[in-house]
Amino acid sequence: MTTPEITIATPADREAIVGCLVAAFVKDPVLRHLFPDEATYPRYAAAFFGHLFDKRVHRSAIWTIGGGASVAIWEPPATGHVPSGDGNTADRYPADVLARVQGYDETVHAALPTYPFWYLGVLGTHPDSAGRGWGRAVMRAGLDRAAADGLPAILETSNPGNVELYRRAGWEVVGSLSEPVPTWIMQQPPR
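A quick note: this is a predicted structure, and the numbers were derived from the prediction, not measured. (Residues numbered from 1 in each chain as written. Predicted model: local features only at pLDDT ≥ 70, side-chain atom pairs only at ≥ 80, totals over all residues. Heavy atoms only, no water.)

Colleague: Quick one: what's the story with helix H6 (residues 160–168), residue by residue and with numbers?
Modeller: Capping the start of H6 is the job of one residue whose side-chain oxygen sits 3.0 Å from the backbone nitrogen of Gly161: Asn159. Positive phi shows up at Gly170, right after H6, with a value of about 100°. (Polar contact = N/O pair within 3.5 Å; in protein donor to acceptor, adjacent residues only side chain to side chain. Helix = DSSP H or I, 4+ residues; strand = E, 2+ residues; numbered from the N terminus.)

Given below as structure tokens:
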């Protein structure tokens with residue numbers, strides 16, 4: 001079986017990618033902190049991932065495989081951080097949810113380095129496609145881009161099981177946060 005081609009996402013991929021990420025992050029500690037209610041999780045998570053997709057799709061920094069079955073959403077270094085609460089996010093969430101989203105975003109980004117880096121904001125694979133190595137493949141596409149720029153890559157994860165997975169892929173823990181959700185900041189040096 002051959003691996004499908006890795007492509008850079010276009011606006012036409014939005015629905016498949018958002019659906020993939022909503023399914024992939026159902027049990028993720030951060031997403032469950034942000035959107036704890038089972039009834040509203042699908043809608044709020046879709047708004048969250050849709051917003052991230054919309055912010056980055058025109059930057060050629062979203063890699064996908066298998067028709068959106070696995071996706072890596074990267075933030076290029078030149079653009080700087082745009083808070084999750086920018087734009088029309090307030091329209092998508094009630095005040096308590098918006099406060100959690102903005103609070104988490106501000107806390108994490110305050111802990112990130114001040115030097116230029118490529119930021120892996122989201123890496124997810126739909127549960128139906130797990131175990132094929134597609135997540136690692138789309139992650140590698142962004143790492144290759146960071147390497148071509150001579151820059152390190154940074155990510156954060158709140159899933160303790162992901163720390164070892166990322167370590168095996170060459171990442172190292174460079175910091176951590178205890179609140180609002182235990183979170184590890186990881187870096188892959190420039191290659």
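We are not done yet, so read on.
Colleague: Would you mind going over the packing of aromatic side chains in detail, with residue names and values included?
Modeller: Aromatic rings in a pair are described by how distant their centres are and how their planes are angled relative to each other. Counted according to the given criterion, the structure contains 11 aromatic pairs. Relative to Phe49, the ring of Phe48 has its centre 5.3 Å away and its plane inclined at 75°; by these criteria the two rings are edge-to-face. As far as the burial class goes, Phe48 and Phe49 line up, both buried. Aromatic pair Trp63 and Trp118: ring centres 6.5 Å apart, planes at 55°, arrangement tilted. Of this pair, Trp63 sits in strand E2 (residues 62–65) while Trp118 sits in strand E4 (residues 118–125), placing them 55 residues apart in sequence. Like Trp63, the residue Trp118 is buried in the burial classification. If you follow Arg132 out to its NZ or CZ, it ends over the ring of Trp134, 4.8 Å from the centre. (Phe/Tyr/Trp six-rings, centres within 6.5 Å; stacked < 30°, edge-to-face > 60°. Buried < 20%, exposed > 50% of the residue type's maximum accessible area, 1.4 Å probe, protein only. Lys NZ or Arg CZ within 6 Å of the ring centre and 35° of its normal.)

Colleague: Tell me about the layout of surface pockets, and please be specific about residues and values.
Modeller: The calculated volume of the largest pocket comes to roughly 1000 Å³. Forming the walls of the largest pocket are 46 residues, and the residues nearest its centre are Phe25, Leu123, Gly124, Asn162 and Tyr166. Take the lining of the largest pocket: its biggest share by element is seven residues, from E4. For the lining of the largest pocket, the residue count by class is 23 nonpolar, 14 polar and nine charged. (1 Å grid on protein atoms, 1.4 Å probe; cavity = no way out; pocket = protein on both sides within 12 Å on 5 of 7 lines; lining within 4 Å. Points joined across faces, edges and corners; volume = space filled by probe spheres on them. Nonpolar A, V, L, I, M, F, W, Y, C, P; charged D, E, K, R; others polar.)

Colleague: I'd like to hear about the environment of Glu38, residue by residue, with values.
Modeller: Checked against the element boundaries, Glu38 lands in the loop between helix H2 (29–34) and helix H3 (41–56). Along the chain, Glu38 and Ala95 lie 57 residues apart, while their C-alpha atoms are 18 Å from each other.

Colleague: If you had to explain the nonpolar core to someone new, which residues and values would you point to?
Modeller: Formed by 37 residues in total, the largest nonpolar core has its most connected members in Leu21, Leu31, Phe35, Phe48, Phe49, Ile62 and Tyr93. Elements supplying a minimum of two residues to this core: helix H1 (14–24), H2, H3, strand E3 (70–75), helix H4 (95–111) and E4. Considering every element that reaches this core, the biggest residue donor is H3, with eight residues. Leaving out residues up to four positions away in the same chain, Phe35 has contacts with Tyr41, Tyr44, Ala45, Phe48, Tyr93, Val97 and Val101. Counting 22 residues, the second-largest nonpolar core is a separate cluster that includes Ala69, Trp74, Val163 and Ala169. (Core = buried A, V, L, I, M, F, W, Y, C linked by side-chain atoms within 4.5 Å. Contact = heavy atoms within 4.5 Å.)

Colleague: Outline the pairing of strand E6 (residues 172–177), supporting the account with residue identities and numerical values.
Modeller: In this structure, E6 lies alongside strand E7 (residues 183–188), joined through five bridges in antiparallel fashion. Note on E7: the bridge partner recorded for Gly175 is Ile185. Between the end of E6 and the start of E7, which pair antiparallel, lie five residues. (Pairing = 2+ DSSP bridges.)

These figures capture arrangement, not role.
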